[in-house]
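# Examining the three-dimensional arrangement
What follows is the residue order along each chain.
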Amino acid sequence: MGKKQAGTGPLSRRPDNSAFKQQRLPAWSPSLTAQTVLPTFYILSLVCLFLGIWLFITVENTYELKVDYTNAGTCERCFDLRKHVIASKTACTCTVSFQVPKLFQGDVFFYYGLRNFHQNLRRYMDSRDDAQMVGRKNNLKAPSSYCAPFDFDANKVPIAPCGAVANSVFNDSLTVVYNPADGSEIQVPLYRKGIAWYTDKNVKFRNPPTNDTFTLQQAFEGTTRPLYWQRPVYELDDTNSNNNGFINDDLIVWMREAAFPNFKKLYGVLNRAQGPFTEGLPPGNYTLSINYNFPVEPFRGRKELVISMVTWFGGQNYFLPIAYLVTSGLILVAAVVLTMVYVKVGKNGKNMEE
């Protein structure tokens, strides 16, 4: 038997006679009056003002120092040298002197900063092989086509790690020396391990399998280093053999692309267990020593060392406190305008002139 057809009369499409479909459910409709709306506006303005002032004071107590070393100090020669690709593998060192005006109390973080470097370009971000970075053997010898033209060298040898992101890794080496009043020189000790995200270090980046008889160098046999690297990936850290390969902390930090052209990435954390650094970074004169490798002239960029404290709010960032203060001002202006309108017009427009 066929299915019974529904009626075709004028009431055939009428919803069921239920409280839900006939919209008879009980509901609360607030009555917005001047006595309820205006106090709400003034209270919101005060709340935003309080939060803005509180966050502004917090940011003001978070010290940050930036040292631009692009062509400062004795780095002018290295800056000119890195303009030429043919000299990309020529070693160059330089120094820049700077002063810390006040004590950076507590934990102090050291970053390297780049300006006008667009890591957020789509083709640049896609130029990597995540399967290769987790240590899959097949991808070591057969990089993804997304890595082109940084997938094979001129001799058709596969590059590991491949892609534009890895090829352009920041490779300056920074050393900070404290110069106290007695004329001595004390190197600022830094923790250089543990600066990468846990998920990146243990999930997204893995080395090819090795054992007691099969070394990391043998695992990367048949591959070559990226074009502008000075060392192969299995020799990135001379002091710690467990920090080589795809799990190198500096490489992992760089591979997490920045969203804006001006950014900073963590380089190290002050080791407060030694010398005059137990309280933090003391004020005084310092010298920054650089193994100058990373070129910035091709993209008209700048390089800097960023020294910063970190509080519960994070680093020094004025955006949120200023946003709260501006919002407070806008709400206050709106509240004053509504109050004036209410005083002039009155309830139900009784005060309006005929």
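Quick notes on the rules
Residues numbered from 1 in each chain as written. Predicted model: local features only at pLDDT ≥ 70, side-chain atom pairs only at ≥ 80, totals over all residues. Heavy atoms only, no water. UniProt positions renumbered as here; feature names shortened; annotations may be inferred. Helix = DSSP H or I, 4+ residues; strand = E, 2+ residues; numbered from the N terminus. Buried < 20%, exposed > 50% of the residue type's maximum accessible area, 1.4 Å probe, protein only. 1 Å grid on protein atoms, 1.4 Å probe; cavity = no way out; pocket = protein on both sides within 12 Å on 5 of 7 lines; lining within 4 Å. Points joined across faces, edges and corners; volume = space filled by probe spheres on them.

In the nomenclature of an unreviewed UniProt entry, the chain corresponds to Cell cycle control protein from the organism Cyprinus carpio carpio. Among the UniProt annotations of the chain, the heading Subcellular location (unreviewed entry) holds the following wording: "Membrane". Here the chain is described in UniProt, under the heading Sequence similarities (unreviewed entry), as follows: "Belongs to the CDC50/LEM3 family."

## Some details on unusual backbone geometry
The omega torsion across A148 and P149 is 5 degrees, close enough to zero to call that bond cis. Within the element layout of this structure, P149 appears in the loop between α5 (137-141) and α6 (164-167). With an omega of -5 degrees, the peptide bond between A160 and P161 qualifies as cis. Inspection of the secondary structure puts P161 in the loop between α5 and α6. A positive phi angle, near 55 degrees, is found at Q23, a position not held by glycine. Counting through the fold element by element, Q23 comes out in the segment before α1 (34-60). Judged by its relative accessible area of 72%, Q23 is exposed.

## Some points on the layout of surface pockets
By volume, the largest pocket amounts to about 1,000 Å³. For the largest pocket, the lining is made up of 32 residues, of which S173, R192, L236, D250 and Y267 are closest to its centre. Secondary-structure elements contributing two or more residues to the lining of the largest pocket are β5 (173-179) and α9 (249-255). Broken down by element, the residue count for the lining of the largest pocket peaks at four residues, all from β5.

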